Every structure is written in structure tokens, then in C-alpha cells.
Amino acid sequence: MRIAISKFHHAVHAIKRTIGGLSLLSGLAVATLATLPNPVFAQTLASLPSVASTISTAGAARPISAWVTFCETYAAECAVNVSEPAAISLTPGIWNTIVSVNRRVNKSIRAVTDMEQLGVADRWDLAESGAGDCEDFQLLKRRLLAEAGLPRRAMRMTVVIDEKGEGHAVLTLVTDRGDLILDNKTNSVLPWRQTGYTFIKRESQNAMAWVSLGRAVSPVTTANR
């Protein structure tokens, strides 16, 4: 059951207040964040590998059915603007924003499966209730990062097989330092090769569609926490 929109706004504003004073949802310019001291964050931009690694795509893929339903309700979250940059140019300020949003959303949302919370196998949402499973975390992170000025086109929902052999959703950031992964299972922002996951498919950067990453058979759902 979806909560009223007023409750959703209350939940988002609560997350906003926890994001270290960054005021991301109020439209604070990302450049301002460059003045924040790097020691605030466990990771630094310099800690990324010097050689960028990107995930190769391999043709069209069938979308997750719950994503299709999500896009019918949240069309703006799925739309692709091809005039936007296809990759994020990482600066210290943008990096700090990414690390902070990943950590704060992971801390603010209670992990629960859709079956436990909603009685359905898989539903993609924006964690309006303050709880959700893997894709809900990542969709909320993308909304916050897009409102902070990062190009949505460079932030792609991605389906992987995790360490348990189960379908799992992460957020891929396509950057000039390679493809980086935001995940609710860790506060670290990792290059995709360091996650240990098998990458299956992700949203296209050129259309409201999905592309294969050519690795394995796709799971039907991304229903774990």
C-alpha cells in the first residue's frame, strides 16, 4: 500500500536534514560542496583506480517487469534526456556528494523485502514509507543526486547476481573514472570490478529501455534486501 504524498514529502525532507547539512534537495550547487573537508568521508577521489574500467554492453535486454510498472507511475524517473552528459566528470565536490548520499540513504532507509512490507514479490519504489529493498535505495539515491545536479543519464539502474546467487539492484554511475557502483549493502562506492557481482543488464543511456551486459541469464526480480 502506498502512503499519501504528504508522508512521502515528509520522509524525503527527513533524509534531507540528515545529509550532513548539504541541503541537496534545496538545489544547493554541487560546486559549493567542494569546500567541504575530504577527511569527513572515509573514501577520497584519489583512492579510485588510476585506470578507468567500464562495463561493455551487448545489445537490448528485457526490462524487469517491476521497473515497467514503476515507470508508469514515475515517468520522470525513467525518462532519458540524450542532451545530458553520458558520463559524470568527477571533482572532489561531486565525489563528496556521491559518497555522502550513498551513506546517508543507506543509514536512513530500513531494509525490508517487498514481500515483508507489501505482500508482493517485487515492487520498485522510492522508499516513501522509510523502508524498502535494494532497488528502492538506489532509486532514491538517484533522485537526490539528480536534484544535486548530476546527470540522470549517467546514473543507470543495474541488475546483478549477488554473493548469494540472488537478483539484486545497484546504481551504476558512469564517470570519467570508470563505472562506479552505489549499493545498499555497503557504504563504499566501488568500481564495478571490485563488487564481486555478476552484472546482467542495466537501463540504456539512449532510450527508455534496457541493455544486456552479456554476463548471464537475468533474474526475474530484484527482491532481496
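Residues numbered from 1 in each chain as written. Predicted model: local features only at pLDDT ≥ 70, side-chain atom pairs only at ≥ 80, totals over all residues. Heavy atoms only, no water.

Caption draft 1: Inspection of helix H6 (residues 134-147) at higher detail. Here H6 spans 21 Å end to end across 14 residues, near enough to the 20 Å set by a 1.5 Å rise per residue. Judged by how many residues are buried, H6 sits mostly within the fold: twelve of 14 residues are covered. The set of residues buried in H6 consists of Cys134, Glu135, Asp136, Phe137, Gln138, Leu139, Leu140, Lys141, Arg142, Arg143, Leu144 and Leu145. Phi turns positive, to about 110°, at Gly149, one or two residues after H6. (Helix = DSSP H or I, 4+ residues; strand = E, 2+ residues; numbered from the N terminus. Expected span 1.5 Å × (residues − 1). Buried < 20%, exposed > 50% of the residue type's maximum accessible area, 1.4 Å probe, protein only.)

Caption draft 2: Up close: the sheet that holds strand S6 (residues 178-183). Strand order across the open sheet formed by seven strands is S1-S9-S8-S4-S5-S6-S7, with antiparallel pairing between neighbours. Either end of the sheet is taken by a strand with one partner, and the two such strands are strand S1 (60-61) and strand S7 (186-191). This element, helix H4 (residues 92-108), spans strand S5 (167-175), S6 and S7 of the sheet and lies at about 140° to S7. (Pairing = 2+ DSSP bridges. Contact = heavy atoms within 4.5 Å. Axes fitted to C-alpha atoms, helices over the stretch in contact; angles between N-to-C directions.)

Caption draft 3: Representation of the pattern of salt bridges within the structure. Across all of its chains, the model carries seven salt bridges by this definition. Across the pair Lys185 and Asp162 runs a salt bridge, and its minimum N-O distance is 2.7 Å. One end of the pair, Lys185, is in the loop between S6 and S7; the other, Asp162, is in the loop between strand S4 (155-161) and S5, with 23 residues separating them in the sequence. Asp162 gets classed as buried once you look at its relative accessible area, which sits at 6%. The residue Glu163 makes a salt bridge to Lys185 at a minimum N-O spacing of 3.1 Å. (Salt bridge = Lys/Arg side-chain N within 4 Å of Asp/Glu carboxyl O.)

Caption draft 4: Main features of the state of the cysteines. According to the stated counting rule, one finds one disulfide in the structure shown. Across a sulfur-sulfur distance of 2.0 Å, Cys71 and Cys78 are joined as a disulfide pair. The sign of the S-S torsion, about -85°, decides the handedness of the disulfide formed by Cys71 and Cys78: left-handed. (Disulfide = S-S within 2.5 Å.)

Caption draft 5: Structural context of the pairing of S4. In terms of burial, S4 is a largely internal element, seven of the seven residues being buried. Of the two faces of S4, the one carrying Met155, Met157, Val159 and Ile161 and the one carrying Arg156, Thr158 and Val160 are both buried. Note that S4 and S5 share seven bridges and pair antiparallel. Following the sheet pairing, Met155 is matched in S5 by Leu173. The hairpin turn running from S4 into S5, its antiparallel successor, is five residues long, and Gly165 in that turn takes a positive phi close to 80°.

Caption draft 6: Just the packing of aromatic side chains, in detail. The full count for this structure, using the stated rule, is four aromatic pairs. Between Trp192 and Phe199, the ring centres sit 5.4 Å apart and the planes meet at 85°, which makes this aromatic pair edge-to-face. This pair shows no difference in class: Trp192 is buried, exactly as Phe199 is. Each residue in the set Trp67, Trp124 and Trp210 is aromatic and connected to the rest through ring pairs, giving one cluster. (Phe/Tyr/Trp six-rings, centres within 6.5 Å; stacked < 30°, edge-to-face > 60°.)

Caption draft 7: The environment of Ala58, seen in detail. Structurally, Ala58 can be placed in the loop between helix H1 (5-18) and S1. Beyond its immediate chain neighbours, meaning those up to four positions away, Ala58 contacts Ser212 and Gly214.

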